[in-house]
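# Reading the structure
Given next are the chains, with one letter for each unit.
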Amino acid sequence: MKAKILAVFLGVIFVAAACGSGSDSGSASGDDADRAVKIPTHNWSSQLVSAEVVGRTLIEAGYEVEYVPSDSQAVYAAMCEGDVDLVHEVWEGAFGVAFQEQVDSGCVVDAHTHNAVTREEWWYPAYMEDQCPGLPDWEALNACSDLFATAETGDKGRFLGGPVDWLKGDEERVEGLGMNFEVVNAGSAATLWSELDAASANNEPIVLFNWTPNFVEAVYEGSFIEFPEFAEECRTDPAWGVNPDLTHDCGNPANGYLKTGVGQHFIDEMPGAYAIVQNVDLTNADLAAMAAMVDVDGMDAVEAAEKWMTDNDATWRGWIGE
Ligand code: TMO
C-alpha cells in the first residue's frame, strides 16, 4: 500500500518534470513512476545480450534501467514480489512451470509470445550416430548408456545437464523412463560448450543439454534426442505415458514458446515502459545471432547488444514507436 502511494506520488513529480522539459516523442511516459526498470540477468548468452538490448531500448525511450542478476527459476517469484519488473526470455521447456505458477497466482502477466520457436533438450554430436545405432531415439540412447559412462557416474551413462537453475525435470525423466543415466549438472553454460568442444575434437561420446536457437547449430552438427512427445499431463499425471507410475516420462516441448512475462505491479506503475516491453519481439535468427556474437566471436554482452542494435536499428526503434 505504502509503495503504491509512493509510486503515484513519484508519478506526479515525474509528470511535472516531463511537462517542464517538453518531452519529445519516444520518451518516458508521464504516467510512469520515476524509477528504474528492473531487468533480470541470467546465465546464458542470448539472455545477457537481449537484456542489454531491452535495457538500451528503454534508455533510448527516456527510462532508467537497473540490471538484477537473478536465479532463472526463482525470478518468477521475485517478479511477484516486485524485485524485478519483467522476464523477456521465458523459455517454455526450462521455465514454463515456474512462470505459469505465478501467472496462475495473478501477480505475473503473460505479456507477449515472441516470434521465436524454441526447443531445449538432450543433444548429441552427429558422430555419435556411428557409435550408437538408432539415435536420435531415446531407447537407442539408453541401450548405449555404457558408452557415456564416466568415473563419476560408474556403470551409468552421464547426461551433462545445464546449471541447476535451468531445467528441473532431468532426474525425474531418467526415473520416469527407467534410463541407465545419471544427471551431472554443469556449473555454467561455458562448461557445456568446453566439454562439447573437447569431446568433438576426438569423437568421444557425449550427450548434453542444448537448445535452439543457439550458436551451437552454426558450429556443430548434431541432433536432439527424441523422447516420447511432450504433453502437459506428462508433468502432472503419473498414469499418463509409457510409465503408469511416474511423471516426466516424456521429452520437453519440441516447438516451445518464448514469452515475455511482466509483474502486474509493473503494468500498474509504469504503463509507458510496459507498452514498450510488450512490443519487444525476438526471432530465432535474433537469438542465434546474439548467442554467436558472445560464444563464437568472443564479444561481451554490451558489445554484442550494441552491434545487434546497429544491425537492427529499425526493429528496436519500432518497439519504441519511432
Ligand atoms: C533457458 N535455456 C535457453 C538455457 O535453456
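Coordinates for the structure precede this section.
Residues numbered from 1 in each chain as written. Predicted model: local features only at pLDDT ≥ 70, side-chain atom pairs only at ≥ 80, totals over all residues. Heavy atoms only, no water.

## Describing the state of the cysteines
Two cysteines, two sulfur atoms, one covalent bond between them: this is a disulfide. Short version of the rule: Whenever a pair of cysteine sulfur atoms sits within 2.5 Å, that pair is classed as a disulfide. Secondary structure elements are taken from DSSP: a helix is a run of H or I of four residues or more, a strand is a run of E of two residues or more, and numbering for both begins at the N terminus. Type-normalised accessible area, obtained with a 1.4 Å probe on protein chains alone, sets the label of each residue: buried when under 20%, exposed when over 50%, and partly exposed for intermediate values.
In the structure shown here, the tally under the stated rule is three disulfides. Each sulfur of the disulfide joining C132 and C144 lies 2.1 Å from the other. On the sign convention where negative is left-handed, the bridge of C132 and C144, at about 100 degrees about the S-S bond, is right-handed. Remark: C144 occurs in the loop between helix 6 (138–143) and strand 6 (157–161) and C132 occurs in the loop between helix 5 (128–131) and helix 6; sequence separation between them is twelve residues. Like C132, the residue C144 is buried in the burial classification. Should the bonded cysteines of the chain be numbered as they appear in the sequence, the pairing reads 1-2, 3-4, 5-6.

## What to know about the site of the ligand
To keep things clear, this is the line we draw: Nearness is defined per residue: one heavy atom within 4 Å of the molecule or strand is enough. A 3.5 Å cut-off defines polar contacts: any pair of N or O atoms within that distance qualifies, except that in protein one atom must be a possible hydrogen donor and the other a possible acceptor, and neighbouring residues in sequence count only when both atoms are side-chain atoms. Areas reported here follow the Shrake-Rupley algorithm with a probe of radius 1.4 Å; residue values treat only the protein chains shown as occluding. Following the grouping adopted for this structure description, the nonpolar residues are Ala, Val, Leu, Ile, Met, Phe, Trp, Tyr, Cys and Pro, the charged ones are Asp, Glu, Lys and Arg, and the polar ones are all others, Gly among them. By convention here, the domain bounds are inherited from an automatic or database domain assignment.
Taken together, W44, W91, F95, E120, W166, F209 and W211 are the residues near the ligand. One of the side-chain nitrogen or oxygen atoms of E120 is found 2.6 Å away from an oxygen atom of the ligand. Within the complex, the protein chains bury 100% of what would otherwise be the 210 Å² of accessible surface of the ligand. Considered class by class, the residues forming the shell around the ligand number six nonpolar, no polar and one charged. Split by domain, the shell around the ligand shows at least three residues from each of two domains, domain 1 (2–117 + 256–320) and domain 2 (120–236).

## A short note on the environment of V262
Relative to the elements of secondary structure, V262 occurs in strand 10 (residues 258–263). Since its relative accessible area comes to 0%, V262 is described here as buried. In sequence terms V262 and V216 are 46 residues apart; their C-alpha atoms lie 29 Å from each other.

## Some words on the side chain of Q73
Let me state the cut-off plainly: In this analysis, two residues are considered to be in contact whenever any of their non-hydrogen atoms come within 4.5 Å of each other.
Mapping Q73 onto the fold places it in the loop between strand 2 (65–69) and helix 3 (75–81). Assessed through its relative accessible area of 15%, Q73 is described here as buried. There is a polar contact of 3.3 Å between the side chain of Q73 and the backbone oxygen of D165. Contact partners of Q73, with chain neighbours within four places excluded, come to A94, F95, A98, D165, W166 and K168.

## Observations regarding the environment of Q264
On the secondary structure map, Q264 appears in helix 11 (residues 264–269). For Q264, a relative accessible area of 29% translates into the label partly exposed. Counting along the chain gives ten residues from Q264 to Y274, while the straight-line C-alpha distance between them is 10.0 Å. Residues within four places of Q264 in sequence aside, it is in contact with G106, C107 and V109.

## A short note on the environment of E217
Here E217 lies in helix 9 (residues 216–219). Spatially, the C-alpha atom of E217 lies 14 Å from that of D286, the residues being 69 residues apart in sequence. With near-sequence residues (within four places) excluded, E217 lies in contact with W211 and T212. Side-chain polar atoms of E217 contact the side chain of T212, separated by 2.8 Å.

## Topic: the sheet that holds strand 3 (residues 86–91)
Our working rule: DSSP-based pairing: two strands are paired if at least 2 bridges between them are found. Helix axes use the C-alpha atoms of the stretch in contact, all axes being lines fitted to C-alpha atoms, and the angles between their N-to-C directions lie in the range 0 to 180 degrees.
Across the sheet, which stays open at both edges, the three strands sit in the order 3-10-4 with antiparallel pairing between neighbours. Across the chains shown, the open sheet's two edge strands, defined by having one partner strand only, are strand 3 and strand 4 (108–113). Averaged over all adjacent pairs, the angle separating strand axes in this sheet is 30 degrees, with direction ignored. Of the pairings in the sheet, the one linking strand 4 to strand 10 comprises five bridges and is antiparallel in character. When the sheet's bridge partners are listed, H112 is paired in strand 10 with T260. Across the face of the sheet, helix 12 (residues 271–279) comes into contact with strand 3, strand 4 and strand 10 while running at roughly 45 degrees to strand 4.

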